[in-house]
Amino acid sequence: MGLKTWLDHWPVYRQLTGTDPLGRGAASKSRRRAELTPRTATAERVVKSVCPYCAVGCGQNVYVDDGTVTQIEGDPDSPISRGRLCPKGAASEQLVNSPTRETKVRYRRPYGTEWEDLDLDTALDMIADRVIQTRRRTWQDTDEHGRYLNRTMGISHLGGATLDNEENYLIKKLYTALGAIQIENQARI
Amino acid sequence: MAECHPVGFQWVMEAKRRGATVIHVDPRFTRTSALADAHVPLRAGSDIAFLGGLINYVLTNELDFREYVVEYTNAAAIVDQEFQDTEDLDGLFSGFDQESMTYNPLSWAYEGARATAAAGHRDMPKPEAGAAAAEEEAGAGAGEEAGSGGPPVPGKPERDPTLQHPRCVYQILKRHFSRYTPDVVEQICGVPKDQFLQVAHAVTRSSGRDKTTAWVYSVGWTQHTVGVQYIRTAAILQLLLGNIGRPGGGILALRGHASIQGSTDIPTLFNLLPGYIPMPHAHHDETLEEFVESDAGSTGFWGNMRAYAVSLLKAWWGPHATEDNDYCFGYLPRLTGDHGTYRTVLDQIAGKVQGYFVIGENPAVGSSNAKLQRLGLANLEWLVVRDLQMIETATFWQNAPELETGELETERIGTEVFFLPAASHTEKDGTFTNTQRLLQWHHKAVEPAGDRRSDLWFYYHLGRRIRQKLATSTDPRDRPVLELTWQYPTEGDHDEPSADAVLREISGVDADGNPLPGYTQLSDDGSTACGCWIYCGCYADGVNQTARRKPGSEQSWVAPEWAWAWPDNRRIIYNRASADPDGRPWSERKAYVWWDREQGRWTGHDTPDFEATKPPDFEPEPGAHAQHALAGTDAFIMQTDGKAWLYVPTGLLDGPLPTHYEPEESPVDNLLYGQRANPARRLYRHPANPYQPRGGDTFPYVFTTYRLTEHHTAGGMSRFLPYLSELQPEFFCEVSPELAAERDLEHGGWATIVTARTAVEARVLVTERMRPLRVQDRVVHQVGVPYHWGPNGISTGDAGNELLPAVLDPNVNIQESKASTCDVVPGRRPRGPDLQRLVADYRTRAGMSGSTDTATNGATTDSTTTDGAVMNRRTGA
């Protein structure tokens, strides 16, 4: 290693002799840093998305490698957000890759003290049975004045403002057909 | 706004850079205040007095935009002589029934319109149902169902365009607001007179032909027992100043969830069907025709409601919906009153509701009086929770505070709980509707792992399975389920239903299955199917318009080719009002849409919100229907009379005009009237939901809840993330140095905040950002309580919403979570049964012993504008 090369490893030398006298740019960069490539630059795919937090609707670019989200950044194309994200939006990679996110169905039987495992298909089947039974048991054809009701008051729902429109649409459609009316979400909470 | 919608706030800063004055009205000094030209602290819960003061200032000094007001609002309409104002009746309007605590709105009608107003009071019970049913129905959130247009009034009321008639709306407004003087504002809001007048000058100076002022608000305005009337007050002010339907104007709601607007448009709400079509109410025998007639009126675009309703029924029941069976109108379940979430929770506690789905929401720590929620959860037969993380609503049987106090025992809770992990936004296709009504498609990036699924998957397959299980049923009650259109293409290993196919159904098709271009093509003869009429055309030409992403830098400032706005891709609604009655822009600087005489059509920067070829001088034929009854100057096309309503002759449950009332729990009496609180507010009397009595020294401080930049609502999407938990690691309360001295609170130490519901502990942040205010003859201290916490996740703490009572606005059933009263003492809260003893002691001191039924009868805004002042305020939902 020649003296010049050796000296070049020294940031102060680069700062004093180079074009970055304040040491806030090129002078402070190590060789290791120069050799690094951001994972956003090498991502397999960039998928267009929208921030899932508040209702401003900032554009997101979702970077994907090998079937995994590797980074989420603001989309500069968006006329709403112009590439910016707030602390929550900027943390959304942690939201989707959180190690504490549940991956399995959990079941707590009546009066139980622990969670139990349950197969997703079995869970769906049990829930369908609960809906059918509760609906039958609590069905109202008419009220005490003889007015037409055609409903169940045994089934309630809360949630929707964090979901997609398509999801809310199927939810409202299914419940209405089932005669369930106590459907609510964050819009008035 | 800078705190809770920081990326949106960049546009406020852009406006400021271009000369706009930015005023921040908020009890707290926040990041918004730091960047505003002025911060105006006021007492939480007093905004109607503040805005009413501005209205009075405009009217007293005749600073209204007279041509706009006369032509585009109902200022000239004459009101029935039976109408009596709160000025006449000490805080009540005419028509109030003390026994049922409800209004009969007949006397609020336009002159000569009383009969129609009665028939037109939405789909309410007919007289045969009796008074009890009428009272019950008053809780049905009827005020909200006018979401797509005002409720019906007869086509054109009598008018006095000189605005001199003593019973014209303009003169009624003048009398109504005459006592909202700067002195009164100072006494009620705690805003010094000089500071109030500075705001009044800024707002009026920045409005008119060449300038507009915008008001920006969040749930700091809506979460009150008078929440709807807060917005009404802002609407009156903005209409008087000519700031609606124009660029840089408006009253802009900053909503708090990615698709909270969408879940209102396609409502997972009890009282609405998609597109703000009301859910039908119970009657002996009501036809679709009668349902439409009672709601739609005959004039204005809402006069086409039958086409919207029939197209919805066709989307849901397809070939089974025919003219002969009233398009399956009988399949819709019927309402009989308040079926909102707080009523439902009380019914869960009472054992009337057995099953509960909670999807992406966390009521066990996020709703007012969270204990009520947990008592409801503990009394269900079955509960389904779908979320990303293991939230408190799923774990209440393991760690509800009531387990520690001994009020609940895990082994005695019979609720069967299913927790199903949900897919995140990057693991599914779909649209969010943002706060400016923009539908934006997000693409699936990766497959969800393990048992994680989209909610689209869950509901599609749940419905499929229920239909399979009922397939052989001959019970007529099962026909709506079995005949439902429920065939969606699926894809992938998980049989994920196609969100694209669902969006096509929402957007609508003609009889041949071709995509519809827009809602004006909807028909009432069953030849079109459309899942949500206001979204009609979002899949026009077979193209997913919501997925359009032409870069903002490559198109005009309106950016019409980025995603899709409802209705008809309009970015500013009622934009006909951006032109004068002759169709010319009010000024070149504020040109937006205008009448092109040569082309014979409306044109401009945006899709005109008017019939494209209807000229400004058009006069309708007598007896014309729907939009054909609107003149060329009737800019507010959804209203039956084509006018924006300064005064609301029908449709609201608590009065035709906003009036200052104190919050349910307030340290002071109502300075203006004997009537202390909104007389029609919705109270839930329940032992676990006690209301604090008025006055007294037991709960001397005002507290207000809010969000932090680094957390999101009840914490399910933020308290579990390391970055955000590191940025805001702990529950805290904000107090002024004066209050800290009065209560011996130490910065960084612990405080216990007490209400009649419970007590919570928080770290103390002593800060001059909280400022004591002089209100009437006393000093009012305010306490800031961010509400994000609970026992689960990385960052844990007590839930601020434990403190709140459940008491609601009667129109939309939103709870009063922005202004209540409390006590604050140093130190941590007691543990176990001692906690209950502390709260019981407070109740006794407040004179509440032996009875929890102590309801007494008795905000702000972040804002911004392009040219002018505007306010804004803390966010919540």
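Residues numbered from 1 in each chain as written. Chains lettered and ligands numbered in written order. Predicted model: local features only at pLDDT ≥ 70, side-chain atom pairs only at ≥ 80, totals over all residues.

### With respect to the overall build of chain A
Looking only at helices and strands, chain A has eight helices and eight strands in total. The globule rule puts the C-alpha radius of gyration for 189 residues at 16 Å, and the 28 Å found for chain A is more than 25% above it. By its C-alpha atoms, chain A is 95 × 40 × 30 Å across when sized along the principal axes. (Helix = DSSP H or I, 4+ residues; strand = E, 2+ residues; numbered from the N terminus. Rg over C-alpha atoms; globule rule 2.2 N^0.38 Å.)

### Notes on the overall build of chain B
Assigned secondary structure in chain B consists of 25 helices and 30 strands. For 877 residues, the compact-globule estimate of 2.2 N^0.38 gives 29 Å, and chain B sits close to it at 27 Å. Looking at the 877 residues of chain B, the share that counts as buried comes to 64%. (Buried ≥ 20, exposed ≤ 12 C-beta atoms within 10 Å, placed from the backbone.)

### A short note on the environment of B:Ala76
In this structure, B:Ala76 sits in the loop between α4 (66-72) and β3 (96-97). Sequence separation between B:Ala76 and B:Arg465 is 389 residues; the distance between their C-alpha atoms is 58 Å.

### Here's the deal with the sheet that holds strand β3 (residues 68-74) of chain A
Whether parallel or antiparallel, the strands of a sheet pair through hydrogen bonds between backbone atoms. Residues and elements named next belong to chain A. Strand order in the open sheet formed by three strands is β1-β2-β3, and the pairing between neighbours is antiparallel. Two strands bound the open sheet, and with one partner strand each, they are β1 (45-50) and β3. Neighbouring strand axes in the sheet, compared pairwise and without regard to direction, differ in orientation by 30° on average. In terms of strand pairing, strand β2 (residues 59-65) meets β3 through six bridges, oriented antiparallel. (Pairing = 2+ DSSP bridges. Axes fitted to C-alpha atoms, helices over the stretch in contact; angles between N-to-C directions.)

### Some remarks on the domain arrangement of chain A
The domains assigned to chain A are domain 1 (3-35), domain 2 (39-97) and domain 3 (106-188). The gap between the C-alpha centroids of domain 2 of chain A and domain 3 of chain A is 33 Å. (Domains from an automatic or database assignment.)

### Looking at the interface of chain B and chain A
Tallying the contact residues gives 133 residues for chain B and 100 residues for chain A. Among the elements that take part in the side of chain B that touches chain A, helix α20 (residues 455-470) of chain B stands out by supplying 11 residues, more than any other. Tallied by class, the residues present in the side of chain B that touches chain A amount to 68 nonpolar, 49 polar and 16 charged. The sheet contact formed by strand β4 (residues 106-108) of chain A and strand β11 (residues 416-421) of chain B spans three bridges and is antiparallel. Directly across from A:Tyr107, in β11(B), lies its bridge partner B:Phe418. (Contact = placed C-beta atoms within 7 Å. Nonpolar A, V, L, I, M, F, W, Y, C, P; charged D, E, K, R; others polar.)

### Digging into the packing of helix α8 (residues 165-178) of chain A against α20(B)
Here α8(A) crosses α20(B) at 25°, and the two axes come no closer than 8 Å. Comparing their axes, α20(B) and α8(A) come out roughly parallel. Classified by chirality, the crossing of α20(B) by α8(A) is left-handed. Contacts between α8(A) and α20(B) involve A:Glu166, A:Glu167, A:Leu170, A:Ile171 and A:Leu174 on the former and, on the latter, B:Asp455, B:Leu456, B:Tyr459, B:Tyr460 and B:Gly463. Residue classes in the contact of α8(A) with α20(B) are distributed as six nonpolar, one polar and three charged. (Parallel < 35°, antiparallel > 145°, perpendicular 65-115°, else oblique. Left-handed = near helix turned anticlockwise from the far one by under 90°.)

### Overview of the sheet that holds strand β13 (residues 438-442) of chain B
Residues and elements named next belong to chain B. Taking strand neighbours across the sheet as the criterion, the three strands line up as β12-β13-β16 in an open arrangement whose pairing is antiparallel. Where the open sheet ends on each side, the last strands, each with one partner, are β12 (430-433) and β16 (564-565). Across four bridges, the pairing between β12 and β13 is antiparallel. Each residue of the ladder has a partner; that of Gly430, found in β13, is His442.

### Here we look at helix α3 (residues 47-60) of chain B
All names here are of chain B. For α3, which comprises 14 residues, the first-to-last C-alpha distance of 20 Å matches the rise-based estimate of 20 Å (1.5 Å per residue) to within 8%. Extensive coverage of α3 is indicated by the burial of 13 of its 14 residues. Looking one or two places after α3, you find Glu62, whose phi comes out positive at around 50°. (Expected span 1.5 Å × (residues − 1).)

### Describing the confidence of the model for chain B
Per-chain confidence: chain B averages 92 in pLDDT, with 92% of residues scoring 70 or above. Here residues 115-121 of chain B is a poorly scored stretch, pLDDT under 50, and it has 17 contacts once near neighbours within four places are set aside; other chains count. (pLDDT = per-residue confidence, 0-100.)

### Comments concerning the environment of A:Leu158
All names here are of chain A. Relative to the helices and strands, Leu158 resides in strand β7 (residues 148-158). Residue class for Leu158 comes out buried when judged on the 27 C-beta atoms lying within 10 Å of it. Taking the C-alpha atoms as reference points, Leu158 and Ile183, 25 residues apart in sequence, are found 6.1 Å from one another.

### With respect to the nonpolar core
Counting 302 residues, the largest nonpolar core has B:Ile55, B:Val169, B:Leu313, B:Val735 and B:Ile753 as its most contacted members. Tallying contributions element by element places helix α14 (residues 305-317) of chain B first for this core, with 10 residues. No fewer than three residues from each of domain 2 (39-97) and domain 3 (106-188) of chain A sit in this core. Leave out the neighbours within four places in its chain, and B:Leu313 touches B:Ala321, B:Tyr327, B:Cys328 and B:Phe329. (Core = buried A, V, L, I, M, F, W, Y, C linked by C-beta atoms within 7 Å.)

### Observations concerning the packing of α3(B) against helix α11 (residues 227-240) of chain B
Describing two packed helices takes the angle between their axes plus the distance from one axis to the other. All names here are of chain B. Following both chains from N to C, one finds α3 and α11 inclined at 20°, their axes separated by 9 Å at the closest point. Relative to α11, the element α3 lies roughly parallel. When the axes of α3 and α11 are compared, the crossing they make is left-handed. Judged by residue contacts, Asp47, Ile48, Leu51, Gly52, Leu54, Ile55 and Val58 of α3 engage Gln229, Tyr230, Thr233, Ala234, Ile236, Leu237 and Leu240 from α11. In the contact of α3 with α11, the residues fall into 10 nonpolar, three polar and one charged.

### Quick notes on the pairing of β2(A)
All names here are of chain A. Of all seven residues in β2, five are buried, a share of seventy percent or more. Relative to β2, β1 is paired through six bridges, and the arrangement is antiparallel. Among the inter-strand pairings, Ser49 is bridged to a residue of β2, identified as Gln60. Taking the residues that link successive antiparallel strands as the turn, the β2-β3 hairpin has two residues, and the phi of Asp66 there is positive, at about 55°.

### A few points about unusual backbone geometry
For the bond running from B:Trp566 to B:Pro567, omega is -10°, close enough to zero to count as cis. Residue position: B:Pro567 is located in the loop between β16 and β17 (593-596). One non-glycine residue with positive phi stands out, namely A:Arg82, at about 50°. Here A:Arg82 shows up in the loop between β3 and α5 (87-90). The class for A:Arg82 is partly exposed, based on 18 C-beta atoms found within 10 Å.

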